[in-house]
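Read off the chains here:
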Protein chains: 2
Amino acid sequence: MKSDIQIAQEAKMEPIKNVAEKLGLCEEDIEYYGKYKCKISLDVYEKVKNNKNGKLVLVTAINPTPAGEGKSTVTVGLGQAMNKLGKNAVIALREPSLGPVFGVKGGAAGGGYAQVVPMEDINLHFTGDMHAITSANNLLSAAIDNHIHQGNVLGIDSRRIVFKRVMDMNDRALRHIVVGMGGKVNGFVREDGFNITVASEIMAILCLASDLEDLKQRMGNIVVAYNLEGAPVYAKELEVQGAMALLMKDAIKPNLVQTLENTPALIHGGPFANIAHGCNSIMATKLALKLGDVVITEAGFGADLGAEKFFDIKCRYGDLTPECVVIVATIRALKHHGGVAKAELNVPNVEALSKGITNLEKQIENIKKFNVKPVVAINKFITDSNEEVEFIKEFCNKMGVQVALCDVWAKGGEGGIELGNIVLNILENNDSKFAPIYSKEESIENKITTIAREIYGADKVNYTLAAKKQIAELEKFELDKLPICMAKTQYSLSDNPSLLARPNGFDITVKEVRVSNGAGFIVVQTGDIMTMPGLPKVPAANKMDVLKDGEIVGLF
Amino acid sequence: MKSDIQIAQEAKMEPIKNVAEKLGLCEEDIEYYGKYKCKISLDVYEKVKNNKNGKLVLVTAINPTPAGEGKSTVTVGLGQAMNKLGKNAVIALREPSLGPVFGVKGGAAGGGYAQVVPMEDINLHFTGDMHAITSANNLLSAAIDNHIHQGNVLGIDSRRIVFKRVMDMNDRALRHIVVGMGGKVNGFVREDGFNITVASEIMAILCLASDLEDLKQRMGNIVVAYNLEGAPVYAKELEVQGAMALLMKDAIKPNLVQTLENTPALIHGGPFANIAHGCNSIMATKLALKLGDVVITEAGFGADLGAEKFFDIKCRYGDLTPECVVIVATIRALKHHGGVAKAELNVPNVEALSKGITNLEKQIENIKKFNVKPVVAINKFITDSNEEVEFIKEFCNKMGVQVALCDVWAKGGEGGIELGNIVLNILENNDSKFAPIYSKEESIENKITTIAREIYGADKVNYTLAAKKQIAELEKFELDKLPICMAKTQYSLSDNPSLLARPNGFDITVKEVRVSNGAGFIVVQTGDIMTMPGLPKVPAANKMDVLKDGEIVGLF
């Protein structure tokens, strides 16, 4: 069996200008990064803004399991299928983070015959967006410590600097550090830590900004610290938001690449899906809607986190109207939710499936709460039995939801025709009336309660004393009228990763509440969220190489 | 008077493929990064390797002063002048570091009408080479701490990890840090620190490597630490040099841009000029020699550091034969060497000039010791008096060295015609027989003595006990047969920055000796070298902005 990198390197890519041409773009509209990647100039949106919008489709999933669901693969494959069905489809994806590529994960650009290419570039430096974010973030960090070193006119409390440095690397040693050691010329000693770049608030800002001016303003609005009197200190008080915007002048432009079947894919921005909202950029999504007639996008983790934030944060800020949601599941993953151990997942087991499918049931119910039509995509595995497939189909039929078997990993777009037809049918007969599930003007606690009850199925929400105090502080400084960004385990509908399928009778406990004021949301932490991964005993990096003839090995 | 960024933004740039065409390159040979930057494919060298080599000219300077000399400006201007004289000239420069752009310095791409463009890109992310180096460096760092965390089979002594993390930012708070805090899951606590990216050994390696295989091998040869028994631990023992090479697969390709007068400029690599050798890459220089008939390159700081390392390190490894050296001086700077305060530099003062010119005299003598012909370029300032100019001309005539007034800052290539003609004359009647000044097979102390006596004019070399011990250790592990990379103040021929002009009767004191085994040189420190700059009270960043229409302000 061929590896992803082998399939990708055998692909017949079209010169990127040909892909751009499919979208009605000429050479003046693009900026090349090599032969197969380009950025789209910011002027283009102005030129096409009176085009009719295409239809927006979100691909999401059940709560992820170690069995794997293949959400990105289905997203790419569905885009390829749409093209085969005669649609001018555009895929809008997140950019992968460089750090995890060297850890356990390998790359993140779909899989099998449903990949975006050149995958080796997309998974490495791509067009430098991550590096630009790293630079802008760390310029702001350097400005904070420099401000304190040069006299601290703003009275920054060095114990309460909430804006951290970032690096696009899995490096646990940088999680908790002490900086400024070595005496007077090296600044003041304080505790600090690095996050991975995708966890930077700048990344979330890039993905929610409407243009360069908005990006600059949002970066200026970041709460970087609190002063000794307890009031927030904003990035703009350090006067580097202009230089930060200058560093981001190219990163803000959407990137265009293609799938293995030459379907255009805009890959732009990739914030964390827990402490941030986990969606690609609004600018890329809106541009895709002007350039294509169907736009397929995805959101991080399962629908309880990813789709909820897509709706309540991204669609709210971007004024987007999704018209169909594909929920990806695998039979293996549903059996895992039904209590089957990883080693037993290959054995047909309808009973376990019937227990685990309640996770899918809840995700379907949730999507309906936003007034958007769900479709279920069963991402095919060779071990699936007919009986299991039939069971899911019947279950979905009873819920009034259409379902398709999907084999894009092995067959590319061809394997997504059934799914594509169902989605197209929904789009053509659309009666969705999308709306967010809460108003951002409500109190922080009300907003959290709505999400916890309606989406997670929790009984009630508990708060630690610290969280209560943080909420009161945000209210005091009028930083509370923002959407909520829940940071919760992705493995369960609850805040306990071991409660699989569809748990009942549980509470959600809020441990920390802080504002990402530049991005424009309130991060609500229900557990310890790791924002800087580590490397495993044998990192994926150890198998990677580039040979004399340029051949790349070990990237997957 | 127009600022550099204004002049640069008014420039009529040619599409980069036209610039490439002048060098005989077709579209297949280049990889675009936007419309005005490209990388040159690695295959190109194979195609042109049988071309006759062009002539190599080094631009260097007297010891730098606060008055400014304008070495890069003369380098760019001389390239432009050569083009006006009908030569197919190629400029080979270093890439600027991003960090200092936000500090005091602004950009670094020449000045006035002798600049390389697009200067805003060259000074910001350019084609991402610095970011690739940062990533490769920090992957190795993460692998070191991960190795210790995962059981430390190699027995690395966490007190003796000599390979540091890097960031391309001026951030004093990161000079001395403690990492690995927060308990067991976050690794072992140890002291660490960040260097600025251009100080990374990976940068020096990039600039000395002959190809991707050599790059990988050199990265594997880095001494990252010592084990608990005191023996060196090499990067290759951590098995990530393949992944590091993968991260560098594009960074290794030379970058092509143009001057304001459309002269081709290869800008590639930019190592520190103190703890590294301060020259652009050998790969770019060798490629330039195959593509042009005259290649103008420069080296860091004054000739005592820059030219010496260019000859003894870069030319030795690259098998390069420089045929002419331009020594840049300004009358103001020579008067500074003669003891004139900055405020008085505008006043004609032949007496001070006659004292300060001994610095130039020594640099001329030094160049001759390498059997290469020197030329003096007086970079014109409006305050220069005729009497002062005549004095220098006479002085150089007596030394048998040709001298030219140079006004490229105000007039571009036109202002460098006199210099260009002199250089061409030397190249056409070349009788240089370049040779390094010492054999790398000599003992470390002998090599240092040769440089200190012959180049600096020192009486003798003293060693601290620590340095003596370090030399003995390098000899023990057979890491001593490498060229020397002196880290000394750039402001004086001595190791005391306040001894200007041509000091006599001084000793050099060696404080630290360590090996950059991947790069292939021994770093000899004669003082405290700052490898992570800080930001000033009002950083240059505070004035920078990018406006709604894309206009960039404050970059200079």
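- Named according to an unreviewed UniProt entry, chain A is Formate--tetrahydrofolate ligase originating from Clostridium saccharoperbutylacetonicum N1-4(HMT).
- The UniProt entry for chain A carries this comment under Sequence similarities (unreviewed entry): "Belongs to the formate--tetrahydrofolate ligase family."
- Chain A has a UniProt comment under Pathway (unreviewed entry) that states "One-carbon metabolism; tetrahydrofolate interconversion."

### Some words on the domain arrangement of chain A
Residues and elements named next belong to chain A.
Consideration 1: We note that the domain assignment places domain 1 (4–127 + 251–429), domain 2 (129–248) and domain 3 (444–525) within chain A.
Consideration 2: Centre-to-centre separation of domain 1 and domain 3, based on C-alpha positions: 27 Å.
Consideration 3: The interface of domain 1 with domain 3 comprises 28 residues on the first partner and 26 residues on the second.
Consideration 4: For the domain 1 and domain 3 pair, buried surface summed over both sides reaches about 2200 Å², with 59% attributable to carbon and sulfur atoms.
Consideration 5: Here domain 1 is connected to domain 3 by 4 salt bridges.
Consideration 6: Salt-bridge contacts for Lys369 lead to Glu454; the nearest nitrogen and oxygen are separated by 3.2 Å.
Consideration 7: Counting the contacts that link domain 1 with domain 3 gives 13 residue pairs in polar contact (both at pLDDT 80 or more).
Consideration 8: Secondary-structure elements contributing two or more residues to the side of domain 1 that touches domain 3 are helix H12 (306–318), helix H13 (331–337) and helix H14 (350–369).

### Notes on the packing of helix H7 (residues 129–149) of chain B against helix H8 (residues 201–208) of chain B
Two numbers describe a pair of packed helices, the interaxial angle and the distance between the axes.
All names here are of chain B.
Consideration 1: The N-to-C vectors of H7 and H8 enclose an angle of 120°; their axes lie 9 Å apart at closest approach. As the angle between them shows, H7 and H8 are arranged oblique. H7 and H8 meet at a crossing whose hand is right-handed. Taking contact as the criterion, the partners of Met130, Ile133, Ala136 and Asn137 in H7 are, on H8, Ile202, Met203 and Leu206.
Consideration 2: Across the contact of H7 with H8, the residue classes tally to 6 nonpolar, 1 polar and no charged.

### Notes on helix H9 (residues 212–220) of chain A
Consideration 1: Among the 9 residues in H9 of chain A, 7 count as buried, and that is most of the element.
Consideration 2: Within H9 of chain A, the full set of buried residues consists of Leu212, Asp214, Leu215, Lys216, Arg218, Met219 and Gly220 of chain A.
Consideration 3: Where H9 of chain A is buried, its residues contact helix H8 (201–208), strand E13 (232–234), helix H10 (241–247) and H12 of chain A together with strand E25 (545–546) of chain B.
Consideration 4: The backbone nitrogen of Glu213 of chain A has a side-chain oxygen 3.2 Å away, supplied by the residue at the start of H9 of chain A, namely Asp211 of chain A.

### So, the packing of aromatic side chains
Consideration 1: All chains considered together, the criterion is met by 11 aromatic pairs over all chains.
Consideration 2: These aromatic residues form a ring-pair network of at least three members: Phe310, Phe311, Phe370 and Phe434 of chain A.
Consideration 3: It is Arg160 of chain B that lies over the ring of Tyr226 of chain B; its NZ or CZ is 4.2 Å from the centre.

### Observations concerning the interface of chain A and chain B
Consideration 1: Contacts between the two partners involve 71 residues from chain A and, on the opposite side, 71 residues from chain B.
Consideration 2: Each partner contributes to the roughly 5800 Å² buried at the junction of chain A and chain B, and carbon and sulfur atoms together form 62% of this total.
Consideration 3: The largest per-residue losses of area from chain A upon contact with chain B belong to Arg172, Leu246 and Val546 of chain A, which jointly make up 10% of the total buried on that side.
Consideration 4: When the shortest N-O distance is used, the salt bridge between Lys216 of chain A and Asp545 of chain B registers 2.8 Å.
Consideration 5: Residue assignment for the side of chain A that touches chain B shows that the elements contributing at least two residues are strand E1 (30–32), helix H6 (119–123), helix H7 (129–149), strand E8 (165–167), strand E9 (177–179), H9, H10 and strand E25 (545–546) of chain A.
Consideration 6: No other element matches H7 of chain A, which puts 10 residues into the side of chain A that touches chain B.
Consideration 7: Taken together, the residues that form the side of chain A that touches chain B break down as 36 nonpolar, 16 polar and 19 charged.

### Looking at the environment of Arg160 of chain B
Residues and elements named next belong to chain B.
Consideration 1: Residue position: Arg160 is located in strand E7 (residues 156–161).
Consideration 2: For Arg160, a relative accessible area of 29% translates into the label partly exposed.
Consideration 3: The sequence separation of Arg160 and Lys184 amounts to 24 residues, and the corresponding C-alpha distance is 21 Å.
Consideration 4: Ignoring sequence-local partners within four residues, the contact set of Arg160 consists of Val224, Ala225, Tyr226, Gly230 and Glu473.

### Here's the deal with the pairing of strand E4 (residues 89–93) of chain B
Residues and elements named next belong to chain B.
Consideration 1: Burial of E4 is extensive: 5 of the 5 residues sit out of reach of the surface.
Consideration 2: Burial along E4 is two-sided: Ala89, Ile91 and Leu93 facing one way and Val90 and Ala92 facing the other are all buried.
Consideration 3: Pairing geometry for E4 and strand E15 (residues 264–267), over 3 bridges, is parallel. Within E15, the residue paired with Ala92 across the bridge is Leu266.

### Looking at the relation of the copies chain A and chain B
Consideration 1: Here chain A sits on chain B after a turn of 180° about the axis and a move of 0.0 Å along it, with an RMSD of 0.0 Å. Overall, the copies show the geometry of a two-fold rotation axis.
Consideration 2: By residue overlap, the copies meet face to face through one surface: 100% of the interface positions of chain A are interface positions in chain B.

### Quick word on the environment of Gln150 of chain A
Consideration 1: Its location among the elements puts Gln150 of chain A in the loop between H7 and strand E7 (156–161).
Consideration 2: In the structure, Gln150 of chain A is positioned 211 residues away from Glu361 of chain A in sequence and 58 Å away in space, judged by C-alpha atoms.
Consideration 3: There is a polar contact of 3.1 Å between the side chain of Gln150 of chain A and the backbone oxygen of Leu535 of chain B.

### Topic: the sheet that holds strand E23 (residues 512–516) of chain B
Residues and elements named next belong to chain B.
Consideration 1: Taken in spatial order, the 3 strands of this open sheet run E21-E24-E23, and their pairing is mixed. The open sheet has two free edges, formed respectively by strand E21 (484–487) and E23, since each of these has just one partner strand. On average, adjacent strands in this sheet sit at an angle of 25° to one another, irrespective of strand direction.
Consideration 2: As paired strands, E21 and strand E24 (residues 521–525) are joined by 4 bridges and run parallel to one another.

### Focus on the UniProt feature "binding site: ATP" (unreviewed entry) in chain A
Residues and elements named next belong to chain A.
Consideration 1: When the UniProt feature table is mapped onto this chain numbering, "binding site: ATP" (unreviewed entry) sits at Thr65, Pro66, Ala67, Gly68, Glu69, Gly70, Lys71 and Ser72.
Consideration 2: Topologically, Thr65 is positioned in the loop between strand E3 (55–61) and helix H4 (71–84).
Consideration 3: Beyond its immediate sequence surroundings of up to four residues, Thr65 is in contact with Ala333, His336 and His337.
Consideration 4: With respect to the helices, strands and loops of the structure, Glu69 is situated in the loop between E3 and H4.
Consideration 5: Residue Glu69 is classed as buried on the basis of its relative accessible area of 10%.
Consideration 6: A polar contact of 2.8 Å, which involves the side chain of Glu69, links it to the side chain of Thr65.

### Some remarks on the packing of H8 of chain B against helix H9 (residues 212–220) of chain B
Residues and elements named next belong to chain B.
Consideration 1: Where H8 contacts H9, the axes come no closer than 9 Å and their chain directions differ by 150°. Once H8 is placed against H9, the crossing between them reads as right-handed. Each of Ile202, Ile205, Leu206 and Leu208 in H8 lies in contact with H9, whose residues at this interface are Asp214, Leu215, Arg218 and Met219.

### Remarks on the pairing of strand E12 (residues 223–227) of chain B
All names here are of chain B.
Consideration 1: In terms of residue burial, E12 counts as a mostly covered element, since 5 of its 5 residues are buried.
Consideration 2: Across 2 bridges, the pairing between E7 and E12 is antiparallel. Paired with Ile161 across the bridge in E12 is Ala225.
Consideration 3: With 3 bridges connecting them, E12 and strand E13 (residues 232–234) associate as antiparallel partners. Counterpart to Val223 in the pairing with E13 is Tyr234.

Quick notes on the rules
- Sequence order sets the numbering: in each chain, residues are counted from 1 along the sequence as written.
- Chains carry letters from A onward and ligands carry numbers from 1 onward, assigned in written order.
- Given that this is a predicted model, residues contribute local features only at a pLDDT of at least 70 and side-chain atom pairs are listed and counted only at 80 or more, while totals for whole chains, interfaces and linings are drawn from all residues.
- Hydrogens and water are ignored here; the side-chain numbers use all heavy atoms of the structure.
- UniProt positions are given in the numbering used here, feature names are shortened, and annotations may be inferred rather than shown by experiment.
- Domain start and end points were adopted from an automatic or database domain assignment.
- A contact between two residues is defined here by any heavy atoms of the two lying within 4.5 Å.
- Throughout, the accessible surface (probe 1.4 Å) given up by two parts as they are put together, summed over both, is called the buried area.
- Salt bridges are defined as contacts in which a side-chain nitrogen from Lys or Arg sits within 4 Å of a carboxyl oxygen from Asp or Glu.
- Nitrogen and oxygen atoms within 3.5 Å of one another constitute a polar contact, given that in protein one can donate a hydrogen and the other can accept it, and given that sequence-neighbouring residues count only through two side-chain atoms.
- Helix and strand labels come from DSSP, where a helix needs a run of H or I of at least four residues and a strand needs a run of E of at least two; each type is numbered from the N terminus.
- Angles run from 0 to 180 degrees between N-to-C directions of axes, and those axes are lines fitted to C-alpha atoms, restricted for helices to the stretch in contact.
- Roughly parallel means an angle under 35 degrees; roughly antiparallel means over 145; roughly perpendicular covers 65 to 115; every other angle is labelled oblique.
- A clockwise turn of the near helix away from the far one marks a right-handed crossing, whereas an anticlockwise turn of less than a right angle marks a left-handed crossing.
- By the convention adopted, Pro, Cys, Tyr, Trp, Phe, Met, Ile, Leu, Val and Ala count as nonpolar, Lys, Arg, Asp and Glu as charged, and the other residues, Gly among them, as polar.
- The cut-offs for exposure are 20% and 50% of the maximum accessible area for each residue type, with area from a 1.4 Å probe on protein chains only; residues under the lower value are buried, those over the upper are exposed, and the others partly exposed.
- Side-chain rings of Phe, Tyr and Trp (the six-membered ring for Trp) are treated as a pair once their centres are within 6.5 Å; stacked means planes under 30 degrees apart, edge-to-face means over 60, and tilted covers the remaining angles.
- Only Lys NZ and Arg CZ are tested; either one counts as a charge over a ring when it is within 6 Å of the ring centre and within 35 degrees of the ring normal.
- A pair of strands is considered paired only if DSSP assigns at least 2 bridges between the two.
- Superposing the copies works by least squares over the C-alpha atoms of residues that have pLDDT at least 70 in both of them.

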